[in-house]
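Residue-level structural notes
Given next are the chains, with one letter for each unit.
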Amino acid sequence: MAKKRNATILVAVITVAAVVILFWRPTVLIYGLQAAGLYASIAIPMGLILGIVHIVNLAHGEFMMLAAYATFMVCQAFGLDPFVAMVPVALVTAAFGFMIYKLTIRQALKSPELNQLILTFGISIAITQLINLSFTSQTRKMSFDYVSASVDIGELSFGIYNFVFVVIAILMVIGLRLYLTKTISGKAALAVGQNPKGASIVGIDVDKTYGFVFALASGMIGMMGALFITRSSIFPGVGGPFTMKSFCLIAMAGVGNIPGILGASVLLGISENFLKAFRGTRGWADIVFFVLIITVILGRSIKGKKA
Amino acid sequence: MILEVKKLETGYGKLQVLRGIDLSVGKESVGLFGPNGAGKTTIINAIMGIVKPWAGTVEFEGKSIGGNPTHMVARAGIALVPQERELFPGMSVADNLELGAAYVPRGKPIMAQQLEVVLTLFPILKERYTQLVGTMSGGQQRMVAIGRALMANPALLILDEPSLGLQPSIVAEVFDRLAILKKDIAILVTEQNVRESLKAIDRGYVIENGVVLLEDTAKGLANNPHVISAYLGI
Amino acid sequence: DTIKLGGTWPLADITGKQGSMAAQLAVEEINAAGGVLGKKLELIVIDDELKADKGAAAFEKLITVDNVDVLVGGMASGVALGQVPVLKKYGKVYVTTGAAASSTVEKAIGADSDWYFHLHPWDYNQGASYAQGWDEIQKKYPSIKIKKIFLAYEEGAFGKSSFDQTKVLFGADKRYVIDGAPFKSAAQGGGDYGAVLEAAKTFKPDLFLWAGWDADALPMLEQAKAMKFNPGIYLGAPPGWPIGFGTSKLSDNVMFYGMWAPSINEISPASKKFYTGFVKKYKEEPATYFAPLSYSAIYIIADAIKLAGTVETNALIKALEATKYASPLGQTITFTPANIIKHQGIKNQKILQWQNGRQEVIWPFESATAKPVYPFPKWK
Amino acid sequence: MSKLTTTGLTKAFSGLVAVNNVSFHMDEGEILGIIGPNGAGKTTFIHLVSGILLPTSGSITFKGNDITYAPAHVRSRMGIARTYQLIHPLENLKVIENVMVGAVFSKDKSLKEARKSAEAICAELELGRLERDTAQLSILEIKKMEIARALANEPEVLFLDEVMAGLNSDETKQLIATVQRIARERKLAVGVVEHVMGVIRELTHRVIVLEAGELIAEGTYETVSKNPRVIEAYLGGAA
Amino acid sequence: MKFKTSYLVAAVVAAIMIAFPTFLGAYPLNVARSVMTYMALAITWDMLLRSGQISFGIAGLFGLGSYASILAVLRGGMDPLLSIVFATVFSGAMAYALGFAILRLRAMYFSITTLALMEIFRIVIHNMHDFSGGPEGVVLPTVIFGGNASALYWLCLGGLFITIGASWFFEKSKMHLALTAIRNDETSARSNGVNIFKYLLITFVVTSAMQGMMGAIQVQSYGFTAPDTAFDANFTLLPLAIALLGGIHSTVGPMAGAVLLGVAAEWLKLKIPYGHLIVYGIIIILVILFMPQGIVGMIRRAGRAAGRAGKQTGANHE
Ligand SMILES: Nc1ncnc2c1ncn2[C@@H]1O[C@H](COP(=O)(O)OP(=O)(O)OP(=O)(O)O)[C@@H](O)[C@H]1O
Ligand SMILES: Nc1ncnc2c1ncn2[C@@H]1O[C@H](COP(=O)(O)OP(=O)(O)OP(=O)(O)O)[C@@H](O)[C@H]1O
Ligand SMILES: [Mg+2]
Ligand SMILES: [Mg+2]
């Protein structure tokens, strides 16, 4: 009961705030949402792995970077559009993720979780440097006309392409939610996440489930890598910051809370852009990300204590 | 014979626990008794593939399952109520029960039917159908664990100390239920509550120090002086 | 028996990678032409990993273990700072290709470090050179009029010092109105230019300058187009450009600051020699000015050793002070005093423009390869 | 005088009232049985008096001090110790160290003293080979270790949550005797939760019965076990 | 008897370490300083890890110490050596204040919060141009001890000895029981009288202070710092890797790990100028895969195996 009321109040406050911002500084809302879409759609696959396989994949951003390079090569070689190339690239990245799982992560599953963290740290170094050695640190970028698609409303002209990421994030959330709560295989994945021994006792193939989840998440991040090159330049270190950002967003949402990642991203995207819109607060836009994270986490821990 | 264990040896790390166990279960209910640390749970772990046998064989319905991965053993038709329950704490009672059957060929087709059986046996689970299992009391969780195993409609049901933490009236009901079930399926049960469980079993083994000390019918055990002094005192 | 040169560069970065490769090219060319003082040159390269402590340890090794005669190389200011104590301890001649941060590195080196030869312009050298350049360009092409300048700068040391220098050097006599806003570079995980471009658009600048990294180049243009942001001059100041930037339609008529471009081959034989040599040996294009700069450093050292007839420090310093090297950068390099240090090599930068996929030099006029296209065309 | 009393103690978990308005007392040297159906709130009640959970309302007094909201470690230092229904071994510590924890932190003993008293307590409980890892212990040994750890706190009040569950009758008999002896020698007040009626009958002086969070009956085992409400809700035909 | 020999070994090793400058050149001493800095950071990180708390904020406290020290000298005219003490106290005090808020967090929430705090320190320093020098950083007029290689080495060694001593004390005192109990089972710890918050706070303050101290020593030895140098993510990630490769929950583990990774990194760099970092990454992967208990764990196990006759083993599923 109380929970529901809180949620309603929250929604109301957010709606009012959104309307105010929309009329006062519409670009804050537009760019805030666009940033949020990108943050969320990169963080969600990581959240999936963390929630089920309990691994903080420090090579998450590197998987995306790898997929972006693959897309770049494919698009250059066959003249494809990334939106077409994303299908094969997602499949290949899924296979790559599965292979990484089989060869490394799986062997470390029985070790303490920290081992897996450092394992993925090693993987991230190896991948980044391998790409660096073969492609150099020089950046690459393909440019597509549709990326500059633009809308004019009165005085205001703004890019609309990046809303693609908002759509993708929403689709990911809905899709995963349906999968995890409505399908048996999804429930089995959750069960494995909570108690692998218990899961095997009821006939669930734990190893296969981990492998599948890892491949699924890798495929999703592979797709994001393909689309990432439409928006950004790529270079060996391009993925790194997104690993940290995703990790932060997941912590803000709470492990296992995938819709929460979207919520956290929107909160961050809009507040960042809000601060960036004013001369006096520009320098603080970066700090808001981290202050918000701490506030939300601390707030939740205090609330959790009380309940 | 539904289950046939021969010369089974195993242990943990370097520690040998079982030193050549022979036991069998037909369409009947068989008890495993013995002091703490005798190796009862270890026998069950070896059957389920949770630990790998070092030596000896495990056959289920005529096929060797020794060393098979746990999920394959479960799918073949053996359901386990583990001593430590091993539930999915963050999922509802409903989901825990559903997963008991979902991956087992024998259980899946008659899921609805089995659910009815479980909810009748433990009405509290119907009341708490959507509660997260992790927030339930110790005894309630034991009921979920037993219910989850029943959902699988197994050919062999293994219960590792099922009465642990259950209130007396429910203990009685569980053993009544086992007494009915044993007509259709094989049951292997370990118990410290020997007096209660003797009512539900046909035969029993006493395990001590990783070997079978004696084997007898329920009646025989009830009259065995060693059993009386060690297991039936209270 | 060889003359040993020891260099540190960040080898995992394109700047250091190509810088060290170009230096190696120069060494081989010199050796092929008979070496120096009858000896061959030998270049020992150690990765500084873009880390101050690694850079310092590398010099420590080059000096004490490898016993090199001259030090060379360098890129990041942060690494240079870490190396300063080691350099000062040994006082070995160092011809450096890196470090632009005057407020830290030049200060740390100080006025009496005679052995320190700094090829790369300091940040204030660059600023002064641009101010002069735009003055001259406006004089020569009266249609070009600049009053309002907006600087979008990446929030790190590079962007921040660019903004500070621009404010000082352009804002001094109130001829220009200057504003700016920081952004997080894509190189640091940023890449959202909406807010900063929005600020720029509101300011309506005649000259829009962004000081960021190559990763920002195309995405920023794309976003500018989406927002219909149309400054009179669209100018960038990245240290390098993404591969294939010129092939994008968006690149057309973008201006930029730089030190070297392949088009300089047309006006400088040294550049042509360097360029063809590099492409032939490594099968890749020099993509950063650190390549010709490091190449130059080796030639400057070799010439000085020849002149001094020894690698002894004092004689070598004397010889280096007499340097007059017609470099592949399209200008002759000499060492003159800077604000603090005694031996500053290059002081001016160039203003260039992307025209039909080529980087053309606009200013200084004596090395110009094309005329400026103005104004930056309106987005369609 | 009562060592420990509660008045109107209540704990609700978002809607579900697990402990409802329970007033009770425990006296020095008394062994009190706490029984009731699964989910009646017995474990929750122990969580409340030991400070692992804080109550929704009501109060707890220990030796005349109000400890309703005192942190768990403070209560332990004051003299309330307990074991857990679901075992809680400290698996990275040796058996002896597990027991020492109680003495070191509740009674501020030095490591040396703590080791000595831990060894004494283990000997009393017939728990041997103290340098083992906890993974090598059988259930009986783990339970003994947990009792030993609680005793190392040198408590005045001790709660045992289903420590006899999973023991055979031989072992149960032994442990009953041990608990009785310890309670007598140390003048301990002991609260015992068990579902095995034989244990309750043998061990306790007085019994309280919880059902759905409420205290529904109180008295000796004999009177309580004849209470029709207790029979219906709890014992069934098994009494 | 066994104790005596281990003390003896420790004393001999310490003596050799102190004597290094008499027979090692400037370059090995320079590399040793870097190894020792990471070693100290890894040890302090491990000390907190013994309570189960995984900090991702090492770089934050390291950077904070660096800036406290350099700014104290530059802006406050403090003696460099004294500024190291000041930075140590300052970092400890900061940790004390922050500890009240963040030590109630657990698992990844604690980790992320420490990471976020580090970023906040970095951004604040980044934005306080006038005081802190902003993104370009600040430079000292001179390096401590005039840059004497031996003196710098001993300074760093001193810092390392302090961390080793603290870690050893934690292992031998009741801190060991407290932290292990908290790591294993907080509920059980609480009901056995362990004041969890108190012990976490002590550990957090002590380790943070020592991380700040190492930052101060580093900054005085190089005479400059900048946000990207002081708060380099490597100061967070490498100590983790080092401790894990060496063996966690001990003092010798991180020490072994630091020597392995530090020497391997330097050697690889000289052997494979382009691409040595790939091999570095692969080493981390392989060690984790094939020595899950770290070097120390493996040596211990090998010792035990040698002690006993080879007996058949089965799969251990726990
Ligand atoms: N994971 C493990 N690691 C090491 N030793 C173990 C492990 N599990 C059990 N053991 C040891 O194996 C022996 C047999 O244990 P097991 O659990 O099979 O006994 P049990 O007969 O089921 O006893 P209980 O009545 O306590 O359940 C015990 O001595 C125990 O210490
Ligand atoms: N965290 C929680 N959230 C919601 N409900 C809870 C929580 N903890 C306990 N409960 C509920 O409170 C009730 C009392 O639980 P408690 O564990 O105290 O029972 P108990 O008397 O110890 O039972 P048992 O004999 O089975 O151990 C149960 O119905 C349980 O489901
Ligand atoms: Mg057992
Ligand atoms: Mg209970």
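In this report, the structure presented in the accompanying data block is examined. This is a predicted model, so every value here is computed, not measured.

With respect to the overall build of chain B
- Scanning chain B for helices and strands turns up 10 helices and 10 strands.
- For 234 residues, the compact-globule formula gives about 17 Å, and the C-alpha radius of gyration of chain B, at 17 Å, lands near that figure.
- Taking the principal axes of the C-alpha coordinates as reference, chain B spans close to 45 × 40 × 35 Å.
- Looking at chain B residue by residue over its 234 residues, the buried ones come to 63%.
- Restricting to contacts in chain B with at least 6 residues of sequence separation, those with at least 24 account for 66%.
- Carbon and sulfur atoms form 53% of the exposed surface of chain B, whose accessible area is close to 8,200 Å².

Comments concerning the interface of chain E and chain A
- Contacts between chain E and chain A engage 38 residues on the former and 42 residues on the latter.
- Of the roughly 3,500 Å² buried where chain E meets chain A, counting both sides, 84% is carbon and sulfur surface.
- On the chain E side of the contact with chain A, E:Met108, E:Tyr109 and E:Ile278 bury the most area, a combined 16% of that side's loss.
- The interface formed by chain E and chain A includes zero salt bridges.
- At the boundary of chain E and chain A, one finds two residue pairs in polar contact (both at pLDDT 80 or more).
- Here the residues of the side of chain E that touches chain A sort into 31 nonpolar, four polar and three charged.

Digging into the coordination of the magnesium ion (ligand 4)
- Listed as protein donors to the magnesium ion (ligand 4) are D:Thr43 (OG1) and D:Gln85 (OE1); their distances from the metal cover 1.9 to 2.2 Å. Placement of D:Thr43 in helix α1 (residues 42-50) and of D:Gln85 in the loop between β6 (80-82) and α3 (95-106) is noted, with a sequence separation of 42 residues between them.

Here we look at the coordination of the magnesium ion (ligand 3)
Residues and elements named next belong to chain B.
- Distances from the magnesium ion (ligand 3) to its protein donors, Thr-41 (OG1) and Gln-83 (OE1), fall at 1.8 to 2.2 Å. Note that Thr-41 is positioned in helix α1 (residues 40-48) and Gln-83 in the loop between β6 (78-81) and α3 (93-102), a separation of 42 residues in sequence.
- We classify Thr-41 as partly exposed; its relative accessible area is 25%.
- The exposure class assigned to Gln-83 is buried, which follows from its relative accessible area of 13%.

Focus on the pattern of salt bridges
- By the definition in use, this model includes 47 salt bridges over all chains.
- For A:Asp145, the salt bridge goes to C:Lys249, with nearest N and O atoms at 3.3 Å. A residue pair is termed interchain when its members come from two chains, as with A:Asp145 in the loop between α5 (113-135) and β1 (150-153) and C:Lys249 in the loop between β9 (233-236) and β10 (255-258).
- Here the residues in one salt-bridge network are C:Glu49, C:Lys51, C:Lys54, E:Glu266 and E:Lys269, joined through shared partners.

Remarks on the pairing of strand β10 (residues 211-217) of chain B
- One ladder, built from six bridges, connects strand β9 (residues 203-208) of chain B with β10(B); its direction is antiparallel. Within β10(B), the residue paired with B:Ile207 across the bridge is B:Val212.

Describing the nonpolar core
- Counting residues in hydrophobic clusters, the biggest one holds 367 residues, and the most contacted among them are C:Phe208, C:Ile298 and E:Ile284.
- Counting residues per element, this core draws most heavily on helix α2 (residues 26-49) of chain E, at 17 residues.
- Ignoring anything within four residues of it in the chain, the contact list for E:Ile284 reads A:Ile118, A:Phe121, A:Gly122, A:Ile125, E:Ala241, E:Leu245 and E:Leu261.
- By size, the runner-up hydrophobic cluster in this structure holds 48 residues, among which are B:Leu119, B:Ile146, B:Leu221 and B:Val227.

Here's the deal with a positive patch on the surface
- Taken together, B:Lys14, E:Arg300, E:Arg301 and E:Arg304 make up a surface patch of like positive charges.
- Position of E:Arg301 relative to the elements: it lies in helix α15 (residues 294-307).

Looking at the packing of α3(D) against helix α8 (residues 174-184) of chain E
- At their nearest, the axes of α3(D) and α8(E) sit 10 Å apart, and the two run at 110° to each other. With respect to α8(E), the element α3(D) is oriented roughly perpendicular. Packed against α3(D), whose contacting residues are D:Glu97, D:Met100, D:Val101, D:Val104 and D:Phe105, the element α8(E) presents E:Lys174, E:His176, E:Leu177 and E:Ala178 at the interface.
- When the residues that make up the contact of α3(D) with α8(E) are grouped by side-chain class, the tally is six nonpolar, one polar and two charged.

Regarding the sheet that holds strand β1 (residues 3-12) of chain B
Residues and elements named next belong to chain B.
- The strand order across the open sheet formed by four strands is β2-β1-β4-β5, and the pairing between neighbours is antiparallel. On the outer flanks of this sheet lie β2 (15-25) and β5 (63-64), each paired with one strand and no other.
- By the bridge criterion, five bridges tie β1 to strand β4 (residues 55-60) in an arrangement that is antiparallel. Across the sheet, the residue bridging to Glu-4 is Glu-59, located in β4.
- In the packing of α1 onto the sheet, the strands contacted are β1, β2 and β4, and the crossing angle to β1 comes to about 110°.

Re the arrangement of the chains
- For the seven pairs of chains in contact, the largest share of contacts goes to chains A and E.
- Of all C-alpha pairs spanning chain B and chain C, none lies closer than 35 Å, and the two are not in contact.
- The two units chain C and chain D never meet; even their closest C-alpha atoms stay 38 Å apart.

Overview of the packing of aromatic side chains
- Applying the stated criterion across every chain, the model contains 56 aromatic pairs over all chains.
- Between A:Tyr69 and A:Phe135, the aromatic rings sit 5.0 Å apart at their centres with planes inclined by 50°, giving tilted as the arrangement. Here A:Tyr69 is found in helix α3 (residues 60-78), whereas its partner A:Phe135 is found in helix α5, with 66 residues between them in sequence. Just as A:Tyr69 is buried, A:Phe135 falls in that class too.
- Aromatic rings pair up to connect C:Trp260, C:Phe274, C:Tyr275, C:Phe278, C:Tyr282, C:Tyr295, C:Tyr299 and C:Tyr325 into one cluster.
- Of note, A:Lys245 hangs over the ring of A:Phe289, and the distance from its end group to the ring centre comes to 5.5 Å.
- The ring of B:Phe88 has B:Arg148 lying over it, and the distance from NZ or CZ to the ring centre is 5.2 Å.

Reading the values: rules and limits
Residues numbered from 1 in each chain as written. Chains lettered and ligands numbered in written order. Predicted model: local features only at pLDDT ≥ 70, side-chain atom pairs only at ≥ 80, totals over all residues. Heavy atoms only, no water. Helix = DSSP H or I, 4+ residues; strand = E, 2+ residues; numbered from the N terminus. Rg over C-alpha atoms; globule rule 2.2 N^0.38 Å. Buried < 20%, exposed > 50% of the residue type's maximum accessible area, 1.4 Å probe, protein only. Contact = heavy atoms within 4.5 Å. Areas by Shrake-Rupley, 256 points an atom, 1.4 Å probe, with all protein chains shown as cover. Buried area = accessible area lost by both parts, 1.4 Å probe. Salt bridge = Lys/Arg side-chain N within 4 Å of Asp/Glu carboxyl O. Polar contact = N/O pair within 3.5 Å; in protein donor to acceptor, adjacent residues only side chain to side chain. Nonpolar A, V, L, I, M, F, W, Y, C, P; charged D, E, K, R; others polar. Donors = N, O, S within 2.8 Å, 3.2 Å for Na, K, Ca; no water. Pairing = 2+ DSSP bridges. Core = buried A, V, L, I, M, F, W, Y, C linked by side-chain atoms within 4.5 Å. Patch = residues over 30% accessible without salt bridge, like charges linked within 9 Å, V, L, I, M, F, W, Y side chains within 5 Å. Lys, Arg positive; Asp, Glu negative; His and termini not counted. Charge placed at Lys NZ, Arg CZ, Asp CG, Glu CD. Axes fitted to C-alpha atoms, helices over the stretch in contact; angles between N-to-C directions. Parallel < 35°, antiparallel > 145°, perpendicular 65-115°, else oblique. Phe/Tyr/Trp six-rings, centres within 6.5 Å; stacked < 30°, edge-to-face > 60°. Lys NZ or Arg CZ within 6 Å of the ring centre and 35° of its normal.

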